[in-house]
Amino acid sequence: MKSGVIGIAAAAVSALAGAQSFRFDDLAVGAAPTGWNCGVTGRGSPRWTVERDPSGGTGNVLLQSGSGTFPWCVKAGTALADGAVEVSFLPISGKEDQAGGVVWRWKDGDNYYVARANALENNVSLYYTEGGSRKTLKYVDAPVARGKWHTLRVEFEGGLIRVSLDGKRYIEQRDQHIGGSGAVGVWTKADSVTAFSGLSVVARP
(Lines give C-alpha, C1' and ligand atoms only; values in the text may rest on other atoms or scores of the structure.)
Protein backbone atom coordinates (compact mmCIF):
# COMPACT_ATOMS: atom_id res chain seq x y z
CA MET A 1 0.00 0.00 0.00
CA LYS A 2 1.30 3.42 -0.89
CA SER A 3 1.45 5.67 2.18
CA GLY A 4 1.00 9.41 2.40
CA VAL A 5 -0.98 9.85 -0.79
CA ILE A 6 -3.90 12.24 -0.55
CA GLY A 7 -6.75 12.36 -3.02
CA ILE A 8 -8.19 9.93 -5.55
CA ALA A 9 -8.33 11.80 -8.85
CA ALA A 10 -5.73 13.48 -11.00
CA ALA A 11 -5.38 17.10 -9.99
CA ALA A 12 -8.15 16.79 -7.41
CA VAL A 13 -8.66 19.81 -5.18
CA SER A 14 -9.48 18.93 -1.58
CA ALA A 15 -12.04 20.62 0.60
CA LEU A 16 -9.29 22.39 2.50
CA ALA A 17 -8.45 25.85 1.19
CA GLY A 18 -5.06 25.91 -0.47
CA ALA A 19 -4.71 22.12 -0.61
CA GLN A 20 -4.30 20.14 -3.82
CA SER A 21 -3.47 16.56 -4.70
CA PHE A 22 -2.16 15.42 -8.08
CA ARG A 23 -2.37 11.79 -9.23
CA PHE A 24 -1.66 10.01 -12.52
CA ASP A 25 -4.53 7.52 -12.70
CA ASP A 26 -6.40 9.37 -15.46
CA LEU A 27 -3.33 9.99 -17.64
CA ALA A 28 -2.28 7.91 -20.66
CA VAL A 29 0.06 5.04 -19.80
CA GLY A 30 3.37 5.05 -21.67
CA ALA A 31 3.24 8.78 -22.42
CA ALA A 32 4.75 11.88 -20.85
CA PRO A 33 2.50 13.28 -18.11
CA THR A 34 0.01 15.85 -19.40
CA GLY A 35 0.12 19.05 -17.35
CA TRP A 36 3.68 18.53 -16.13
CA ASN A 37 6.94 20.08 -17.31
CA CYS A 38 9.91 17.71 -17.19
CA GLY A 39 13.61 18.17 -17.81
CA VAL A 40 17.06 17.97 -16.27
CA THR A 41 19.47 20.23 -14.40
CA GLY A 42 22.82 19.64 -16.05
CA ARG A 43 23.09 17.00 -18.76
CA GLY A 44 21.47 13.73 -19.69
CA SER A 45 18.38 12.12 -21.13
CA PRO A 46 15.73 11.68 -18.44
CA ARG A 47 12.59 9.75 -19.36
CA TRP A 48 9.44 10.68 -17.46
CA THR A 49 6.39 8.56 -18.35
CA VAL A 50 3.10 7.49 -16.79
CA GLU A 51 3.18 3.74 -16.11
CA ARG A 52 1.29 1.06 -14.22
CA ASP A 53 2.34 0.70 -10.59
CA PRO A 54 5.43 -1.58 -10.68
CA SER A 55 4.73 -2.73 -7.11
CA GLY A 56 1.45 -4.31 -8.14
CA GLY A 57 -0.89 -1.57 -6.95
CA THR A 58 -4.01 -0.56 -8.86
CA GLY A 59 -3.11 3.01 -9.82
CA ASN A 60 -0.71 4.68 -12.23
CA VAL A 61 2.63 6.22 -11.31
CA LEU A 62 5.04 8.74 -12.76
CA LEU A 63 8.24 6.84 -13.57
CA GLN A 64 11.70 8.24 -14.23
CA SER A 65 13.63 5.56 -16.14
CA GLY A 66 16.25 7.55 -18.03
CA SER A 67 19.34 9.24 -16.64
CA GLY A 68 20.72 12.72 -16.16
CA THR A 69 22.56 14.89 -13.70
CA PHE A 70 19.38 15.89 -11.82
CA PRO A 71 16.11 15.00 -13.59
CA TRP A 72 13.00 16.90 -12.46
CA CYS A 73 9.30 17.09 -13.31
CA VAL A 74 7.17 19.97 -12.00
CA LYS A 75 3.41 20.44 -12.01
CA ALA A 76 2.43 23.22 -14.41
CA GLY A 77 0.47 26.07 -12.86
CA THR A 78 1.65 25.57 -9.28
CA ALA A 79 3.14 28.58 -7.50
CA LEU A 80 3.60 28.93 -3.76
CA ALA A 81 6.07 30.66 -1.47
CA ASP A 82 5.12 28.99 1.81
CA GLY A 83 3.40 25.70 2.52
CA ALA A 84 4.05 21.97 2.34
CA VAL A 85 4.66 19.38 -0.36
CA GLU A 86 4.48 15.63 0.09
CA VAL A 87 5.19 12.74 -2.27
CA SER A 88 4.98 8.96 -2.15
CA PHE A 89 7.92 7.39 -3.99
CA LEU A 90 9.33 3.95 -4.74
CA PRO A 91 13.11 3.62 -5.30
CA ILE A 92 13.48 0.77 -7.79
CA SER A 93 17.07 0.62 -9.00
CA GLY A 94 20.23 2.55 -9.86
CA LYS A 95 23.95 1.85 -9.72
CA GLU A 96 25.01 5.45 -9.06
CA ASP A 97 21.95 6.58 -7.12
CA GLN A 98 18.51 5.46 -5.95
CA ALA A 99 16.88 8.76 -5.10
CA GLY A 100 13.41 10.20 -4.80
CA GLY A 101 12.89 13.87 -4.05
CA VAL A 102 10.66 16.92 -4.14
CA VAL A 103 11.36 20.43 -5.42
CA TRP A 104 9.73 23.69 -4.35
CA ARG A 105 10.12 27.40 -5.07
CA TRP A 106 11.13 26.13 -8.52
CA LYS A 107 11.85 29.14 -10.74
CA ASP A 108 13.38 27.18 -13.61
CA GLY A 109 15.60 24.13 -14.16
CA ASP A 110 18.57 25.90 -12.59
CA ASN A 111 17.03 27.53 -9.50
CA TYR A 112 15.02 25.72 -6.80
CA TYR A 113 15.11 23.90 -3.46
CA VAL A 114 15.21 20.10 -3.34
CA ALA A 115 14.96 17.51 -0.57
CA ARG A 116 15.64 13.88 -1.35
CA ALA A 117 15.88 10.44 0.22
CA ASN A 118 18.43 7.93 -1.07
CA ALA A 119 18.03 4.15 -0.80
CA LEU A 120 21.61 3.53 -1.90
CA GLU A 121 23.09 5.70 0.87
CA ASN A 122 20.30 5.48 3.46
CA ASN A 123 20.04 9.19 4.10
CA VAL A 124 17.88 12.27 3.69
CA SER A 125 19.34 15.52 2.43
CA LEU A 126 18.45 19.12 1.72
CA TYR A 127 19.90 21.32 -1.05
CA TYR A 128 19.37 24.52 -2.94
CA THR A 129 20.17 24.77 -6.62
CA GLU A 130 21.24 28.18 -7.87
CA GLY A 131 22.52 28.95 -11.35
CA GLY A 132 22.47 25.23 -12.12
CA SER A 133 24.81 24.38 -9.24
CA ARG A 134 23.51 22.22 -6.39
CA LYS A 135 24.64 23.21 -2.89
CA THR A 136 24.27 20.98 0.17
CA LEU A 137 22.53 22.37 3.24
CA LYS A 138 22.28 19.21 5.37
CA TYR A 139 22.64 15.40 5.30
CA VAL A 140 21.09 13.06 7.88
CA ASP A 141 21.27 9.26 8.05
CA ALA A 142 17.86 7.60 7.66
CA PRO A 143 16.56 4.16 6.66
CA VAL A 144 15.39 4.18 3.02
CA ALA A 145 14.62 0.66 1.81
CA ARG A 146 14.81 -0.04 -1.91
CA GLY A 147 11.65 -1.57 -3.38
CA LYS A 148 9.43 -0.07 -0.65
CA TRP A 149 7.11 2.92 -0.80
CA HIS A 150 8.17 5.94 1.26
CA THR A 151 6.60 9.31 2.04
CA LEU A 152 8.78 12.41 1.82
CA ARG A 153 7.34 15.67 3.15
CA VAL A 154 8.75 19.19 3.23
CA GLU A 155 7.26 22.15 5.10
CA PHE A 156 8.59 25.60 4.32
CA GLU A 157 7.75 29.05 5.62
CA GLY A 158 10.00 32.00 5.08
CA GLY A 159 13.52 30.79 5.78
CA LEU A 160 12.48 27.75 7.86
CA ILE A 161 12.52 24.31 6.17
CA ARG A 162 11.47 21.00 7.77
CA VAL A 163 12.00 17.63 6.05
CA SER A 164 10.29 14.40 7.15
CA LEU A 165 10.51 10.84 5.87
CA ASP A 166 7.82 8.25 6.66
CA GLY A 167 6.37 10.47 9.37
CA LYS A 168 9.65 11.22 11.17
CA ARG A 169 11.31 14.63 11.00
CA TYR A 170 14.99 14.44 10.07
CA ILE A 171 15.92 17.99 9.10
CA GLU A 172 15.03 21.45 10.42
CA GLN A 173 17.09 24.12 8.72
CA ARG A 174 17.02 27.85 8.10
CA ASP A 175 18.07 29.17 4.69
CA GLN A 176 17.29 32.27 2.64
CA HIS A 177 18.88 31.51 -0.73
CA ILE A 178 15.66 31.11 -2.71
CA GLY A 179 12.64 33.18 -1.76
CA GLY A 180 9.30 34.03 -3.29
CA SER A 181 6.87 31.71 -5.00
CA GLY A 182 7.70 28.89 -7.36
CA ALA A 183 6.44 25.60 -8.73
CA VAL A 184 6.55 22.24 -6.98
CA GLY A 185 7.38 18.81 -8.36
CA VAL A 186 9.50 15.67 -8.10
CA TRP A 187 13.20 14.99 -8.63
CA THR A 188 15.75 12.22 -9.03
CA LYS A 189 19.48 11.93 -9.56
CA ALA A 190 21.72 10.20 -12.10
CA ASP A 191 20.51 6.70 -13.05
CA SER A 192 17.83 6.43 -10.36
CA VAL A 193 14.79 4.53 -11.55
CA THR A 194 12.06 5.89 -9.29
CA ALA A 195 8.26 5.81 -9.28
CA PHE A 196 6.06 8.54 -7.80
CA SER A 197 2.41 7.83 -7.05
CA GLY A 198 1.16 11.32 -6.25
CA LEU A 199 2.03 14.81 -5.12
CA SER A 200 0.15 16.64 -2.36
CA VAL A 201 0.51 20.40 -1.91
CA VAL A 202 -0.73 22.80 0.77
CA ALA A 203 -0.23 26.52 0.24
CA ARG A 204 -0.10 28.83 3.27
CA PRO A 205 -1.48 32.36 2.87
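Above this text is the structure in question.
Right, let's walk through the structure included here.

The rules behind the values
Residues numbered from 1 in each chain as written. Predicted model: local features only at pLDDT ≥ 70, side-chain atom pairs only at ≥ 80, totals over all residues. Heavy atoms only, no water. Helix = DSSP H or I, 4+ residues; strand = E, 2+ residues; numbered from the N terminus. Rg over C-alpha atoms; globule rule 2.2 N^0.38 Å. Buried < 20%, exposed > 50% of the residue type's maximum accessible area, 1.4 Å probe, protein only. Contact = heavy atoms within 4.5 Å. Areas by Shrake-Rupley, 256 points an atom, 1.4 Å probe, with all protein chains shown as cover. Core = buried A, V, L, I, M, F, W, Y, C linked by side-chain atoms within 4.5 Å. Pairing = 2+ DSSP bridges. Axes fitted to C-alpha atoms, helices over the stretch in contact; angles between N-to-C directions.

## Remarks on the overall build of the protein
Point 1. Of the regular secondary structure elements, the protein holds zero helices and 16 strands.
Point 2. What you see for the protein is a C-alpha radius of gyration of 15 Å, in line with the 17 Å of a compact globule of 205 residues.
Point 3. Taking the principal axes of its C-alpha atoms as reference, the protein extends roughly 40 × 40 × 30 Å.
Point 4. Burial status across the protein gives 53% buried among its 205 residues.
Point 5. Taking the contacts inside the protein whose residues are at least 6 apart along the sequence as the reference set, 63% of them involve residues at least 24 apart.
Point 6. About 8,700 Å² of surface is accessible on the protein, with carbon and sulfur atoms providing 49% of the total.

## Examining the nonpolar core
Point 1. V102, W104, V154, V163, L165 and L199 are the most contacted members of the largest nonpolar core, which has 39 residues in total.
Point 2. With near-sequence residues (within four places) excluded, V163 lies in contact with A115, V124, L126, L152, R153, V154, K168, R169, Y170 and I171.
Point 3. Counting eleven residues, the second-largest nonpolar core is a separate cluster that includes W106, V114, A183 and W187.

## Observations concerning the pairing of strand β9 (residues 111-118)
Point 1. β9 sits mainly inside the fold: seven of its eight residues count as buried.
Point 2. Between strand β8 (residues 99-108) and β9, which follow one another and run antiparallel, lie two residues.
Point 3. Sheet topology places β9 next to strand β10 (residues 123-130); seven bridges connect them, and they run antiparallel. Note on β10: the bridge partner recorded for N118 is N123.
Point 4. With antiparallel pairing between neighbouring strands as the criterion, β9 and β10 make up a hairpin whose turn holds four residues, including N122 at a positive phi of roughly 55 degrees.

## A look at unusual backbone geometry
Glycine aside, residues mostly have negative phi angles, and peptide bonds mostly take the trans form.
Point 1. Phi is positive for R105, close to 50 degrees, though the residue is something other than glycine.
Point 2. As for its position among the elements, R105 is in strand β8.
Point 3. Relative accessible area serves as the criterion here: at 3%, R105 is assigned to the buried category.
Point 4. Despite not being glycine, A190 has its phi angle at roughly 55 degrees, a positive value.

## Details of the environment of S21
Point 1. For S21, the location among the structural elements is in strand β2 (residues 19-22).
Point 2. For the pair S21 and V85, spaced 64 residues apart in sequence, the C-alpha separation works out to 9.6 Å.

## Considering the sheet that holds strand β3 (residues 36-45)
Point 1. Ordered in space as β3-β6-β15-β8-β9-β10-β11, the seven strands form an open sheet in which the pairing is antiparallel. Either end of the sheet is taken by a strand with one partner, and the two such strands are β3 and β11 (133-141). Geometrically, the sheet is characterised by an average inter-axis angle of 20 degrees between neighbouring strands, direction not taken into account.

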